[in-house]
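# Topology and contacts: notes
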Amino acid sequence: MNAKVIVVTSGKGGVGKTTTTANMGAALAKLGEKVVVIDVDVGLRNLDVVMGLESRVVFDLIDVIEGKCRLSQALIRDKRVENLFLLPASQTRDKDALNPEIFKAAVRTLIDEEGFDRVLIDSPAGIESGFKTAAAPAEGALVVVNPEVSSVRDADRIIGLLEAQQVRDIRLVINRLRPKMVASGNMLSEADILEILGVKPIGIVPEDEGILVSTNVGEPAVLGKTKAGGAFMDTARRLRGEDVPYPKLEEDRGFMAVLRRLFGAG
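So, a few notes on the structure that sits alongside this text. (Residues numbered from 1 in each chain as written. Predicted model: local features only at pLDDT ≥ 70, side-chain atom pairs only at ≥ 80, totals over all residues. Heavy atoms only, no water.)

A few words now on the nonpolar core. Judged by nonpolar contacts, the single largest core of 49 residues is most densely connected at V36, I38, L87, V119, I121 and L162. The leading source of residues in this core is helix α7 (residues 149-164), at 5 residues. Discounting chain neighbours no more than four positions away, the residues touching L87 are V36, V37, I38, D39, L61, V64, L71, A74 and L75. Ranked by size, the runner-up nonpolar core spans 37 residues in total, among them V37, L47, V173 and L239. (Core = buried A, V, L, I, M, F, W, Y, C linked by side-chain atoms within 4.5 Å. Buried < 20%, exposed > 50% of the residue type's maximum accessible area, 1.4 Å probe, protein only. Helix = DSSP H or I, 4+ residues; strand = E, 2+ residues; numbered from the N terminus. Contact = heavy atoms within 4.5 Å.)

Set out below in structure tokens:
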């Protein structure tokens, strides 16, 4: 993806959007980019906790918007990964406090004046004003989807709304895939998702208990050694334009075979 400003969204809550934002941000920073991840879920701040930076929050995004601090004062540098920064959301305000045009200007400042290579925006769940604000400055989008009917249906709605907001560079991150369940017909296959949504995947992340552990301790999985962490790192490489083959999961059928045909991998 050539997009510098990418919104990470899903429509449906609980699919792993915030985890994806944290891991993609850390992975891109590990690959040499200067990255800022922004939490736009005003009132329900979580990205700082997933990244283990909650104790270092002094100022937040609303403080910046209202001129209570400079943008640089609200940025929290992750000490574990060089060039990874967090701009946290406010826990005490509501989404109406965030004006889309002012937010767009703040994101532009991050690129033009603060010198960031990539801005990842963690969108709130749903399709209300919070989503529209999060998508306002976006040039591209990562739509996180689980292999279940309700998640795919909501992703389809979100893709339509993104296109309506002129966000053209849209890719899927299929999260929590269980190959054995797909093989037994108890979970949507990647082929099903691709056929329904018509959007190419850029990452496929297997179900991994290691993600729960990493989230609880506030350390992105890409900083350790887990299957999901490796999948997020591969996704970041693809996002940067590298030709990274998709992994051979436990059951070599369904969508993985489709992917190999589409991309010549494996």
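Moving on: the sheet that holds strand β8 (residues 201-206). Hydrogen bonds between backbone atoms are what pair the strands of a sheet, whose relative direction is either parallel or antiparallel. Sheet architecture is open: 8 strands sit in the order β3-β4-β2-β5-β1-β6-β7-β8, paired in mixed fashion. Of all the strands in the sheet, the pair left with one neighbour each is β3 (76-77) and β8. Bridging between β3 and strand β4 (residues 84-87) involves 2 bridges; their strand directions are antiparallel. Looking at β4, one finds that R77 is bridged to F85. Packing against the sheet, helix α1 (residues 17-30) makes contact with β1 (5-9), β2 (35-39), β4, β5 (118-122), β6 (140-145) and β7 (169-177), and its axis sits at approximately 170° to β5. Where helix α9 (residues 190-197) meets the sheet, it contacts β6, β7 and β8, and its direction lies at approximately 150° from that of β7. (Pairing = 2+ DSSP bridges. Axes fitted to C-alpha atoms, helices over the stretch in contact; angles between N-to-C directions.)

Attention shifts here to the layout of surface pockets. Rolling a probe over the atoms, with the probe sized like a water molecule, indicates the empty space that remains. The calculated volume of the second largest pocket comes to roughly 240 Å³. Lining of the second largest pocket is provided by 13 residues; of these, R176, E207, D208, I211 and L212 occupy positions nearest its centre. Secondary-structure elements contributing two or more residues to the lining of the second largest pocket are β7, β8 and α10 (209-217). Per-element tally for the lining of the second largest pocket: the top contributor is α10, with 4 residues. Residues that form the lining of the second largest pocket fall into these classes: 5 nonpolar, 4 polar and 4 charged. (1 Å grid on protein atoms, 1.4 Å probe; cavity = no way out; pocket = protein on both sides within 12 Å on 5 of 7 lines; lining within 4 Å. Points joined across faces, edges and corners; volume = space filled by probe spheres on them. Nonpolar A, V, L, I, M, F, W, Y, C, P; charged D, E, K, R; others polar.)

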